[in-house]
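Tertiary structure, described
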Amino acid sequence: DSVAQGRGIKCSLCTKALKKIQALAGDNPDEAAVAAALKKGCRMLGRAMGRLCQRLVKKYQDQITEGLQNGDVPRDICTAIGICRS
């Protein structure tokens, strides 16, 4: 069904975005590093995906920051915020 398909696309976008953001933030990032990486990571995805990415980041910034600081895998963070199914 289209809802599951939409969720699958969002899930892969979330995972892809967070992988980029995680790489940009580096190991053991502080909040400023994560914030900078969130901005830069979305820009690297191109215009349409970048817009979705920014919406995602704005809505879930605290959870994403916490997840990255805890060293969580991007897929786990996306699952925790309800974008991916576990």
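Per chain, residues are indexed from 1 in the order of the written sequence. This being a predicted model, a pLDDT of at least 70 is required before a residue's local features are given, and a value of 80 or more before pairs of side-chain atoms are given or counted; all residues contribute to the totals for chains, interfaces and linings. Hydrogens and water molecules were not included; the side-chain quantities draw on all heavy atoms of the structure.

An unreviewed UniProt entry annotates the chain as SAP protein of Brachypodius melanocephalos.

Comments concerning helix α3 (residues 47–69)
Spelled out, the test is: Only DSSP runs of H or I covering at least 4 residues are called helices, and only runs of E covering at least 2 are called strands; the numbering of each starts at the N terminus. Take the number of residues in a helix, subtract one, and multiply by 1.5 Å to get its expected span. What the bend at a residue measures is the angle between two axes, fitted to the seven residues ending there and to the seven starting there. Only protein chains enter the accessibility calculation, which uses a 1.4 Å probe; a residue is then buried when its area is under 20% of its type maximum, exposed when over 50%, and partly exposed in between.
With 23 residues, α3 should reach 33 Å at 1.5 Å per residue; the first-to-last C-alpha distance of 27 Å falls well below that figure. At Tyr-60, α3 shows its maximal bend, which comes to roughly 85°. For α3, every residue scored as buried is listed here: Gly-50, Cys-53, Leu-56, Val-57, Tyr-60, Ile-64, Thr-65, Gly-67 and Leu-68. Among the residues trailing α3, Gly-71 stands out with phi positive, at a value near 75°.

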